[in-house]
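Descriptive structure summary
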Amino acid sequence: MERIRWVGGRPVLPARILDEAIFEEWVRHAGSIAERRARVGLPLPFLFGRSRARRRLERDLRRALDAPPTLRGPLEAALAELPAIVATLATEIISHRLLVLVHTEAARRFVAVPREAVVRRIVRRAYERVGSWPSLGAYDGVCRAIVEAWARDAERVFVESARETIPAAVARRGSMIAAVDRDYAWGEAAPAGHYWLAETSMSTLDLDRREDRARFASTLERSIARARETLADLPATERTSLRVHLREVATGQGVSAPSARQRRPSGTMEAPHLLAISPNQVRSPGEPEAPRPGHRRSGS
């Protein structure tokens with residue numbers, strides 16, 4: 001499978017949107033009925049009928065994809081929303097009170113946004129744009145297969161090219177993608193890892209400018225390191241619970257809050273879920289931190 005390229009902050013699809021890997025994945029599942037119909041219409045279908053039917057079906061699909069209006073432009077535009085989707089999900093993480101993913105300091109805030117949730121939201125947004133593409137109406141499921149394959153590839157390449165793409169602008173004032181952690185395991189989710197969405201209330205920084213993003217990012221290493229330590233201490237059950245909740249958020253399914261208390265395999269009770277934390281513990285950048293019980297400020 002040829003790879004997407006990110007050029008100037010935008011994804012560029014390869015010449016063949018329907019490559020062999022995507023076609024084979026589709027024809028094994030949603031496209032199996034279309035393959036059988038193509039086979040029935042062949043002369044002498046008992047002679048290499050399956051391979052001939054697949055070749056005809058693939059040829060017809062490529063012709064449909066090349067027919068104007070082409071799918072390429074709208075699909076690339078949808079995939080280009082990746083940075084903005086990270087910022088949107090960060091806002092939803094806060095609104096759904098997934099507070100263990102939110103780390104606030106004096107004039108800035110960091111939110112961990114799992115990559116799996118980003119991919120699911122990209123698929124959803126892209127499919128909203130091109131899911132009923134007119135030239136593909138006769139080929140059930142093929143548009144979904146194309147969207148899912150290229151959405152996952154776009155996100156993967158964005159992360160792999162992090163040195164060129166991150167810190168990334170997100171078209172939201174005072175916000176940017178500051179870093180990405182690739183290997184953090186959110187249950188059995190794929191891809192592993194998460195983005196760090198950073199926000200600041202400092203008016204001297206214009207995060208639409210690459211120079212200001214780089215300057216801001218250079219001040220964040222210690223803060224993100226502390227936030228990583230917090231996530232590293234999360235038990236596996238809590239990670240999985242967060243992942244399931246975020247999957248519902250990302251796909252627009254009915255969001256069901258995890259139960260307030262869950263049993264560990266040993267039978268001991270876990271502490272109340274993070275969703276039970278008071279909402280006044282989430283603050284905007286620049287808002288002073290309320291003292292925690294038993295916590296003494298430095299210098300006191």
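Let me sum up the structure you'll find in this document. Since the structure is predicted, the reported quantities are computational estimates derived from the model, not experimental observations. (Residues numbered from 1 in each chain as written. Predicted model: local features only at pLDDT ≥ 70, side-chain atom pairs only at ≥ 80, totals over all residues. Heavy atoms only, no water.)

1. Re empty space enclosed by the protein
For the structure shown, the criterion picks out one cavity of 30 Å³ or more. Taken together, Pro 114, Glu 116, Ala 117, Trp 186, Arg 243, Leu 246 and Arg 247 make up the lining of the largest cavity. Among the elements of the structure, helix H6 (115-130) and helix H11 (236-251) are those that each provide at least two residues to the lining of the largest cavity. Take the lining of the largest cavity: its biggest share by element is three residues, from H11. Here the lining of the largest cavity is composed, by residue class, of four nonpolar, no polar and three charged. (1 Å grid on protein atoms, 1.4 Å probe; cavity = no way out; pocket = protein on both sides within 12 Å on 5 of 7 lines; lining within 4 Å. Points joined across faces, edges and corners; volume = space filled by probe spheres on them. Helix = DSSP H or I, 4+ residues; strand = E, 2+ residues; numbered from the N terminus. Nonpolar A, V, L, I, M, F, W, Y, C, P; charged D, E, K, R; others polar.)

2. Things to note about the environment of Arg 39
Mapped onto the secondary structure, Arg 39 falls in helix H2 (residues 32-40). According to the relative accessible area criterion, Arg 39 is partly exposed, its value standing at 35%. Taking the C-alpha atoms as reference, Arg 39 lies 6.4 Å from Arg 50; in sequence the two are 11 residues apart. (Buried < 20%, exposed > 50% of the residue type's maximum accessible area, 1.4 Å probe, protein only.)

3. Considering the side chain of Arg 243
Inspection of the secondary structure puts Arg 243 in helix H11. What makes Arg 243 buried here is its relative accessible area of 14%.

4. Focus on the side chain of Asp 153
Mapped onto the fold, Asp 153 is located in helix H7 (residues 142-160). A residue is classified by how much of its surface remains accessible, and Asp 153, at 2% relative accessible area, is buried. Among the polar contacts listed, one links the side chain of Asp 153 to the backbone nitrogen of Ile 4, at a separation of 2.8 Å. (Polar contact = N/O pair within 3.5 Å; in protein donor to acceptor, adjacent residues only side chain to side chain.)

5. Examining the environment of Asp 212
Tracing the backbone through its elements, the reader meets Asp 212 in helix H9 (residues 210-217). The exposure class of Asp 212 is buried, given its relative accessible area of 7%. Residues Asp 212 and Pro 167, spaced 45 residues apart in sequence, show a C-alpha to C-alpha distance of 9.8 Å.

6. Observations concerning the pairing of strand E4 (residues 108-114)
The buried fraction of E4 is high, at seven of seven residues. In E4, alternate side chains face the same way, and those of Arg 108, Phe 110, Ala 112 and Pro 114 on one face and Arg 109, Val 111 and Val 113 on the other are all buried. As paired strands, strand E3 (residues 102-104) and E4 are joined by three bridges and run antiparallel to one another. Bridge pairing in E4 links Thr 104 to Arg 109. Here E3 folds back onto E4 in antiparallel fashion, the turn holding three residues. Of the strand pairs in this sheet, E4 and strand E7 (residues 194-200) are connected by seven bridges, and their pairing is antiparallel. Directly across from Val 111, in E7, lies its bridge partner Leu 197. (Pairing = 2+ DSSP bridges.)

7. Regarding the pattern of salt bridges
This model, assessed by the stated rule, comprises 23 salt bridges. Two residues, Glu 160 and Arg 3, come together in a salt bridge whose shortest N-O distance is 3.5 Å. One end of the pair, Glu 160, is in helix H7; the other, Arg 3, is in the segment before strand E1 (5-7), and 157 residues separate them in sequence. By relative accessible area, which is 47% here, Glu 160 ends up partly exposed. The exposure class of Arg 3 is partly exposed, given its relative accessible area of 36%. Across the salt bridge formed by Arg 121 and Glu 92, the nearest N and O atoms sit 2.8 Å from each other. Pair noted here: Arg 121 is in helix H6 and Glu 92 is in helix H5 (residues 82-95), with a separation of 29 residues, a long-range link. Judged by relative accessible area, Arg 121 falls into the buried class, the value being 6%. Within this structure, Glu 81, Arg 124, Arg 125, Glu 128 and Arg 129 form a network of salt bridges that share partners. (Salt bridge = Lys/Arg side-chain N within 4 Å of Asp/Glu carboxyl O.)

8. Here we look at the sheet that holds E3
One open sheet accounts for five strands, arranged E3-E4-E7-E6-E5; its pairing is antiparallel. Since the sheet does not close on itself, it has two edges, and those belong to E3 and strand E5 (168-169), each with one partner. Contacts between H5 and the sheet are confined to E3, E4, E5, strand E6 (175-181) and E7, with E4 contributing the most and set at about 105 degrees to the helix. (Contact = heavy atoms within 4.5 Å. Axes fitted to C-alpha atoms, helices over the stretch in contact; angles between N-to-C directions.)

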